[in-house]
Amino acid sequence: MNRITSDGITKVKAVFIYCLYKGEGLQVEALALERKAEMNRELKERIKVLKKERNAIILAHYYQRDEIQEVADFRGDSFLLAQKAAQTDADVIVFCGVHFMGESAKILAPDKKVIIPDERAGCPMADMVNVDGLRKLKAQHPNAKVVTYINSSAEIKAETDICCTSSNAVKVIQSLDAEEIIWVPDKNLGHYVQQHTDKKMIIWEGYCNTHDMLTVKDVVEMRAKYPNAEFVVHPECRPEVVEMGDFVGSTTAILEYCRDSACKEFIVGTEDGTGYQLRVDSPDKEFHFATKFLVCPNMKVNNLKKLAKALETMKPEIYVPQDVADRARLSLERMLQVK
Ligand code: 13P
Ligand code: SF4
């Protein structure tokens, strides 16, 4: 006969109390989520009204939080957003991304007010190259043209022949009448581009802390877990990881590939904010980010509350000294002209 010992009864009691707490815990969690959704709805309404009053346009990079991408007039990668900034007839550009993106917008649209939700949103890769170091390299290679990834400061762009983004880097390099290229600051993207050109590239040693997190081991494990999935990867990742890709491309190229592919499941090797657009484009497909570390903390410091405050106070505003902006503009405009 089965007998419940006093120890057994204690266990049953413990399980019962745990379930009670867990149930209440879930209720509290649900209430908190509901409250957050309500606050977001209010903030979105306020943003809509303020945007109209200020004649502002909101540009959001694909790596922004979902709720920011939801209120944006345009979502895009670095290239598309630079184009939008150059073309807009709004009075104010609210740039939801990182600092160098706001700077590029200001350089391309000097008469506009450019504001950002949080001035602490920097890019560690952009900070890995400095003007003195670049000038030294230019002196050592006087015949080389300087190609700078848009992920860089205005001062570096001012020292540059032409900028590029991950979506046009190869085209930009092929458009130049020089056989030697100084490439700053991303060594991983530089390595990828080198595979697609015969030009000699002198590559700076910078990298994106976020994309560089992804390792071969992560991809091997994910492939074992999701054997039917295709691995799509951004060229800011390490070369040995990029080599494993079924598809390699910029953020936009990855989005387009996943949308158009017949495959229904993907392992994604880029920042997790892209999940928003991936799901909008292909609600019937499954996306697994290759590691939980593919989150850029700088992109994520922006939120709806800060966006609403920026529109209210018109701060923080982006300033670029005019002499720097004038020189940097040439390198950005040359990029926008490459077909
Ligand atoms: P793209 O927007 O060009 O894909 O660049 C990725 C990135 O890291 C932006 O900070
Ligand atoms: Fe910079 Fe990488 Fe973040 Fe892009 S994802 S802003 S390159 S740190």
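Keep in mind that this is a model prediction, so the values were computed, not measured.

A word on the site of ligand 2. The environment of ligand 2 is formed by 14 residues, the closest being Val98, Cys123, Cys208, Thr210 and Cys296. Along the lines of polarity and charge, the residues of the shell around ligand 2 split into eight nonpolar, five polar and one charged.

The next thing to look at is the pairing of strand β5 (residues 145-149). Summarising burial for β5: five of the five residues are buried, a large majority. Going residue by residue along β5, you find Lys145, Val147 and Tyr149 tucked away on one face and Val146 and Thr148 tucked away on the opposite face as well. Of the strand pairs in this sheet, β5 and strand β7 (residues 180-184) are connected by four bridges, and their pairing is parallel. The partner of lysine 145 across the bridge, within β7, is isoleucine 181. In terms of strand pairing, β5 meets strand β6 (residues 162-164) through three bridges, oriented parallel. Bridging across to β6, threonine 148 finds its partner in cysteine 163.

Time to look at the domain arrangement of the protein chain. Domain parsing of the protein chain yields domain 1 (1-123 + 300-325), domain 2 (126-207) and domain 3 (211-295). Here the C-alpha centroids of domain 1 and domain 3 sit 23 Å apart. In terms of residue class, the side of domain 1 that touches domain 3 is made up of three nonpolar, two polar and five charged.

Spatially, four strands are ordered β10-β9-β11-β12 in an open sheet, and the strand pairing comes out parallel. On the outer flanks of this sheet lie β10 (247-248) and β12 (286-289), each paired with one strand and no other. Direction of pairing for strand β9 (residues 230-233) relative to strand β11 (residues 265-269): parallel, over a ladder of four bridges. Bridge assignment links valine 233 to a residue of β11, and that residue is glycine 269.

With that settled, the discussion passes to the site of ligand 1. In the vicinity of ligand 1, the contacting residues are Asp77, Ser78, Asn151, Thr165, Ser166, Ser167, Cys208, Glu236, Ser250 and Thr251. For the shell around ligand 1, the residue count by class is one nonpolar, seven polar and two charged. Two domains each provide a minimum of three residues to the shell around ligand 1, namely domain 2 (126-207) and domain 3 (211-295).

Following the sequence through the fold, tyrosine 63 ends up in the loop between β1 (56-61) and α2 (66-71). Residue tyrosine 63 is classed as buried on the basis of its C-beta count, with 26 C-beta atoms lying within 10 Å. Spatially, the C-alpha atom of tyrosine 63 lies 23 Å from that of glutamate 42, the residues being 21 residues apart in sequence.

For the pair helix α11 (residues 251-260) and helix α12 (residues 274-281), the least separation of the axes is 9 Å and the interaxial angle reads 30°. When the axes of α11 and α12 are compared, the pair comes out roughly parallel. The crossing of α11 and α12 is right-handed. Across the interface between the two elements, Thr251, Ile254, Leu255, Cys258 and Arg259 from α11 touch Thr274, Gln277, Leu278 and Asp281 from α12. Among the residues making up the contact of α11 with α12, the classes are represented as four nonpolar, three polar and two charged.

Another point: the packing of helix α3 (residues 78-87) against helix α4 (residues 99-108). The interhelical angle for the contact between α3 and α4, taken along N-to-C directions, is 35°, at an axis separation of 8 Å. Relative to α4, α3 is oriented so that their crossing is right-handed. Counted together, Ser78, Leu81, Ala82, Ala85 and Ala86 of α3 and Met101, Ser104, Ala105 and Leu108 of α4 form the full contact between these two elements. Taken together, the residues of the contact of α3 with α4 break down into seven nonpolar, two polar and no charged.

To continue, consider the sheet that holds strand β2 (residues 74-76). Read across the open sheet, the four strands follow the order β2-β1-β3-β4; overall the sheet is parallel. The outermost strands of the open sheet, each flanked by one partner alone, are β2 and β4 (113-115). The mean angle between the axes of side-by-side strands here comes to 20°, regardless of whether they run parallel or antiparallel. Two strands pair when backbone bridges link them, and strand β3 (residues 92-96) and β4 are joined in this way by three bridges, in the parallel orientation. Within β4, the position partnered with valine 94 by the bridge is isoleucine 115. In the packing of helix α13 (residues 304-313) onto the sheet, contacts are made with β1, β3 and β4, and the angle to β3 comes to roughly 160°.

Scoring rules and cut-offs
- Residues numbered from 1 in each chain as written.
- Chains lettered and ligands numbered in written order.
- Predicted model: local features only at pLDDT ≥ 70, side-chain atom pairs only at ≥ 80, totals over all residues.
- Near = placed C-beta within 6 Å.
- Nonpolar A, V, L, I, M, F, W, Y, C, P; charged D, E, K, R; others polar.
- Buried ≥ 20, exposed ≤ 12 C-beta atoms within 10 Å, placed from the backbone.
- Helix = DSSP H or I, 4+ residues; strand = E, 2+ residues; numbered from the N terminus.
- Pairing = 2+ DSSP bridges.
- Domains from an automatic or database assignment.
- Axes fitted to C-alpha atoms, helices over the stretch in contact; angles between N-to-C directions.
- Parallel < 35°, antiparallel > 145°, perpendicular 65-115°, else oblique.
- Left-handed = near helix turned anticlockwise from the far one by under 90°.
- Contact = placed C-beta atoms within 7 Å.

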